[in-house]
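What follows is the residue order along each chain.
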Amino acid sequence: LLESAFVCLVLGAGVLSRPVPEYRSVSQPVAGGAELLTVFVRPNGAAAAGSQDLDVPVLAVLRDSLGDEDPDNDRLRSVWILTSTRPTPWQRAASALSFGYFRAGSKRHAGRVPTPAIDMAAPSKSVYGNLFGDALQATELDPLGMAVRSTTRTYRTNSDDYNKLQVFQALSNLDNLAVDNLALESGGQSALTDSQLREIYSRLSLSTRTFGGLVREQNLSRYYNQETSRIQQTRGHNWELLRQRAELNGLYFEPLAAASGSPSEALLWIARSDLASDAGRHFDGQFLGIANPWTDPLLMHWTGYSQVRYFDSDNRPVSQDTPGAHPVDMIPLALYSLNYPRVPLLLADFRHSLSPKRREMVKQGATGLITGVFGITRYGNPGARQFLAMDSSLDPALKIELQRHLDHLALNPRENEIASEATLAREQYAALLQYAGSHRLAAKLDQDRRKELESYTRSPTFRAFAPIGRMFTRGPRPDPEFDLGLRAELDAYRRSATHMRFLEQVLAAGPRPDVVWDTDTIRKSVEDLSADAHAGPEAQSLIAQVYARTGDSDLRSACWRALQTFNQRPLMPVAQAVSGQ
Amino acid sequence: VIVAHALLRAASTLVSMLLFFAVLFPALLQAEVKRVVIIKLDGVPENVLERELERIDPLTHKSSLPWIEHVFAQGGTRLDNFYVRAISLSTPSWSLLDTGQHLQIHGNAEFDRYTYHVYDYMNFFPFYVGYARLRRVDMPGVEVLDSLGIPLLIDYFPYAASYQSFQLYQRGVRWKTLQDALPNHFSHSLRQLLDEWTIGFELGSSVEDQTERELIAKLSDPSVQYLDYFTGDFDHMAHAASDAASQRLALQRIDALIGRVWSAIESSALAAQTVLVAVSDHGMNTQPGVYSQGYNLLQLFNSRAGGAHHVVTNRHPLDEYKLSGLDPFVSEVVTPSDESLYLKGQAADYPTALLDPDGNERASVYFRNSDFNALHILLLEINRPGIDSTKRRAAIAAFFQIIDRHRDEWSATVRELSDELAALRRAMEQRRVDIKSQPKKWTPAQRDAGLDKASRRLSVQLDEWSEQERNYSAYLSALSKLLDLEPAEFDRRHFAAEDLIPKRAMGDANSIYDLQNYIVGPSASGSVDFERINYPRLLSSLTVRNNVQAGVASRPVDFIAMRIPAESRNNSIWLYADEDHQALISSRAGDLRYTVIRNLRQDADGAIHYDNAPLAPGFPLRLFEDENLVVPVADREQWFSTWHSELEWLHATHQTAYSNGIIALHEQFLEPGALPPVSSDPELLGRFNQRRRLLAEPDFLIFANDHWNFNVRNFNPGGNHGSFLRASTHSILLFAGGADTGIPRHFEIREPYDSLSFVPTILDLMGRHTEAAKLPGRPIREILPARAATGP
């Protein structure tokens, strides 16, 4: 509690003053011509203090920029969730226990580089890995008997749940960063561009689905739009549901907004004076999941946390010094997450700490039987954890109370205490920075680039057997001259791929490219592709389609010139390209 | 200086006129439109469209809606001020846009007061199933309009020359569209299907996609003159989410659709003579960062404080959480009150309130006639075991006092309705003969001409007539029984309430007196007296406890509106905000007047009294204080004291907070006229249909305050419509045309128009001036060749 109180004092300085936490992304160059992009959460208290030392790093992304400033040849690589830690031995052991719905201690320090959550350049790797794991479980481990089956399955489930919880937490951060980036639309700088942010969000989110890693790049934008819109709809729906239920039952509703975005949590309160005047009032607990407060003797003699709030004549919350403000002594009843589909999810019941946990345990038990029905129930509180750990400005005493209740809710032995997460994130970030400055990351980058180049230049068969060959040759040796050549070659391939992807996107957007997209940008891609010696018949075909569909004469001329250029190469005649688009 | 200014203004007007005649007029005179394609966009508000049109996408460096910008803003004509003429609600609004006639359908659901028939205009499922079972041929709204002899815009074109998408006013079902929708949806590559499976299939769009394919294919057929495409995507999204990004996505899907359709038009044979129109039926009161708050009227009317009614709605409340909510055929749901004062356990037979909250920023309320309640309570009292004879006699006397008070009115109803039902029976006989003479099999050519559907329409109508004849006869029988009853009969036999009070009937509409003194139960004193509620006062006094949004008032109700019966005060509508803030909208030979009053009350004998109030802020529609009212502040008192034409009202008020509320309210409560004495069968049938429309009118409408709604089916935090708030009434109307159509390019029309202008404009554009002239609406002259010279 003391620890939590300290965190509260640090993070929640602005009591009742509705803080707007700041999310920012920062770029740091690392060895080998890449950048480490880090998303920081700046708690409101830190913002007031004007210090960046208290900012919490929550997510880091490696951007392979080939050492230049041109975004056309950038590739995103590893993504690290800095609040996600490797388990302690005790956490590992507890994770294997069936029905071990408790927290197995909390990690105090994390000095190692965390495992990347996803490799953006090869998202499908995790799909095959998971499928291999499932197959191994079903064919090798399950037949070994109940003890092995149950421990291995429980371990894998807990591990999977923990990873998902961390992913949801990261998505919540990215969501808030997106809002702040939006605010920067009219000016200002963000290290992560909007399209990169969308890509990371989509890939991370899809990593929680079985075949998510196989979704093609052209569908990521649609997925992102779908998901973010769904979240907005869910929050609005739950906000309104909870407000109406509060109204129906004579309770007070308080939405909690973690950032400049929409409220993601909400509290229900009851007025102490109403308990006396409306004792025995009818209570409809549907959707609320809490016991009838109007007949609860515990509340009649409540000695727990309460708070005096002030309201005006229209019952709007106001400050104490507002003329006509009247005080109401309020008792908190419950905290809900608004992110859960269909109904708000009860996270904390102030009268019965274990009540939400009991519900969750029952659901989790049932989930084992009917997997998928309950969706993300088991990871339903990442937003609330984030809210409390990072940027809340609630009354510190209330926050301690909430953290206590949320800690009670922990069902996964691998979960760390909310109060420790900021410390762990900072320590892991320090380790990551150290790793980024070392030759190990440079070597890893070099290895990845070679593989990427092979994907452009080698056949799939070669690529399938190349790793075996590398096992015998111990891989290529570092060679500065060769590296420069590799970068130049990769630069050309990447640019070419970027332009082709862009033209595909433009053509998919509608029947007339010049109507939906800025023609200068299209022309630049067309010209760059025509000047690229690596561009092949596919590029030619795309340019031919742009030529056939555009109504802009300048763009048509540029396409014609580009096609002429292609015509001078032994590839495909212009006429054929145009007609066979 | 003044003279110079005047000269300058005159010169500028002259130059504008010369330019107009020199540049546009010759083009308009040569205009020729052979085909019209209408994109019907449910609920797209003008302000959101404008916001997104102006926004430059940082990725593409073009407008967020590049095709709308290209086709309509740059290449066509936009109406800056196009409004819904009635409440901003889909079913009424599309009826105006689809017919060009005055309003006949007043809500998304309506109830017949005598027979309890539910006009469920928005439920597609029973229609499809009924169509498959050969029992339906048109959507319910079309059936109502057909019964009144009102044609749809599509009816002006031969069946084979038109293509209609799935929509509210739909004639027939094209099974082929549904049949082809799914296979086409799944015809992508395996890889794409795997992606879709992971991301989530959008099966809901498969029918729309198929419709688009068919529409584009039809464009290559020069014989097709009319095509439409309906989409409710934006409306659904905006109800659910108010954030700009979600709404932008929905608009961008529409934008892309317009791009594809326009490109198909451009490559079709009739490109030069085709007009593309995008129109929305209403706007949407939505604001990023603000959640629309629901107030549950159903719970209020269920509660003791609200009258403890058994309430009927056309859908289950919170249907997404109920198994019964999955029932796609539901059109009638009774929510019983646990606190009913005299009808406990009788919700199925005796509901006392019908509620249509669909539309959300307004609700229609039908209460059982207050005197039916009184008769019911008195009968219970008369039959109460142990009642002393004096009290029983007093109750019987009170019972007959009520009957006597209504005797003339009810006798007239029995007489007239009996005549009408007799005419209906004769029409049914004739219809049976007609049906027998219809062919049993249809050739493909006949089907293509729609003759099979026309024939089936005869059978469907006969079924409807049979049902109407049965239900109205039952009501008449109950009413006749009451009229024939003698006090002495109570001494001879026992009459249970079920013997005399018609079940599942609301009786005649309540008067203002009734609603101000509505009987909800027996008096606590137990004598021949009743517990009463003043509903206008109750509703205006509602407040809520949780007020967490700065811009949302603590009172959910803005005002209530009801018609003052013609015999009491000539064609007036009473608007009630509270006792001190009321208004009357009166009409006289096409002119309208708005008067502020207070303390309006009606006596039991029907006399209406009120006090005139000085013009001040806070009256319904808040016109006086509105800075956008185009009347100088100093002249306002004088202006409001006189009568003005509709057009004058539109010009003066359309940019105010409640836009064209005065005109829309007048349209909504348009006096259908007294039911005339007639004798011939066609006239009797006409009067019968007119009566049925009257019987579908609610007692009153409740309008929600800004960012409030009355949805009970689920939650609509994103936004709502239904009110006269400008965000909800301000719709879009965009035109673009080929080279020969004369549709001006890059042209904005600032003159305000409303829904009634739509059909005559389309007909005029297509050269069908005689038919257009018969319609009441004002054609949009700025884009019309024939009337450009003569003006409106």
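Residues numbered from 1 in each chain as written. Chains lettered and ligands numbered in written order. Predicted model: local features only at pLDDT ≥ 70, side-chain atom pairs only at ≥ 80, totals over all residues. Heavy atoms only, no water.

Novice: Summarise the overall build of chain A; cite the residues concerned and give the values.
Specialist: If you tally the helices and strands in chain A, you get 21 helices and eleven strands. Put simply, of all contacts in chain A between residues at least 6 apart along the chain, 67% involve residues at least 24 apart. Of the roughly 25,000 Å² of accessible surface on chain A, 57% is carried by carbon and sulfur atoms. (Helix = DSSP H or I, 4+ residues; strand = E, 2+ residues; numbered from the N terminus. Contact = heavy atoms within 4.5 Å. Areas by Shrake-Rupley, 256 points an atom, 1.4 Å probe, with all protein chains shown as cover.)

Novice: Requested: an account of the sheet that holds strand E28 (residues 747-749) of chain B, with residues and values cited.
Specialist: Residues and elements named next belong to chain B. Taken in spatial order, the seven strands make up an open sheet running E6-E7-E1-E8-E27-E2-E28, and their pairing is mixed. If you trace the sheet from one side to the other, it starts and ends with strand E6 (162-163) and E28, each paired once. Alignment of strand E1 (residues 35-41) against strand E8 (residues 274-280), held across seven bridges, turns out to be parallel. Residue pairing in the sheet places Arg35 in a bridge with Thr274 of E8. The strands that helix H9 (residues 206-218) touches are E1, E6 and strand E7 (226-231); relative to E7, the one it contacts most, it runs at about 165 degrees. (Pairing = 2+ DSSP bridges. Axes fitted to C-alpha atoms, helices over the stretch in contact; angles between N-to-C directions.)

Novice: Before we move on, could you go through the pairing of strand E20 (residues 591-602) of chain B and cite the residues and values that matter?
Specialist: Residues and elements named next belong to chain B. Here strand E19 (residues 581-588) runs beside E20; their pairing, made up of seven bridges, is antiparallel. When the sheet's bridge partners are listed, Ser586 is paired in E20 with Arg593. Counting the residues that bridge the hairpin from E19 to E20 gives two residues, and of these Ala589 lies at a positive phi of roughly 50 degrees. Strand direction decides the pairing type here: E20 and strand E22 (residues 644-645), joined by two bridges, are antiparallel. Counterpart to Asp591 in the pairing with E22 is Ser645. Two strands pair when backbone bridges link them, and E20 and strand E21 (residues 608-612) are joined in this way by four bridges, in the antiparallel orientation. Across the sheet, Gln602 pairs through a bridge with Ile608, a residue of E21. Hairpin connection, E20 to E21: the antiparallel pair is bridged by five residues, and Gly606 has positive phi, about 100 degrees.

Novice: Explain the pattern of salt bridges residue by residue, including any values.
Specialist: Between side chains of opposite charge, a pair can form as their charged atoms come close. All names here are of chain A. Evaluation of the coordinates by the stated rule reveals 79 salt bridges over all chains. A salt bridge links Arg243 to Glu240; the shortest N-O distance between them is 3.0 Å. Of this pair, Arg243 and Glu240 both sit in helix H7 (residues 220-248), three residues apart, which is roughly one turn of the helix. The same class applies to Arg243 as to Glu240, namely buried. With a shortest N-O distance of 3.6 Å, Arg281 and Asp278 are connected by a salt bridge. Classification of Asp278 as partly exposed rests on a relative accessible area of 24%. (Salt bridge = Lys/Arg side-chain N within 4 Å of Asp/Glu carboxyl O. Buried < 20%, exposed > 50% of the residue type's maximum accessible area, 1.4 Å probe, protein only.)

None of the figures reported here should be taken as evidence of function without further support.
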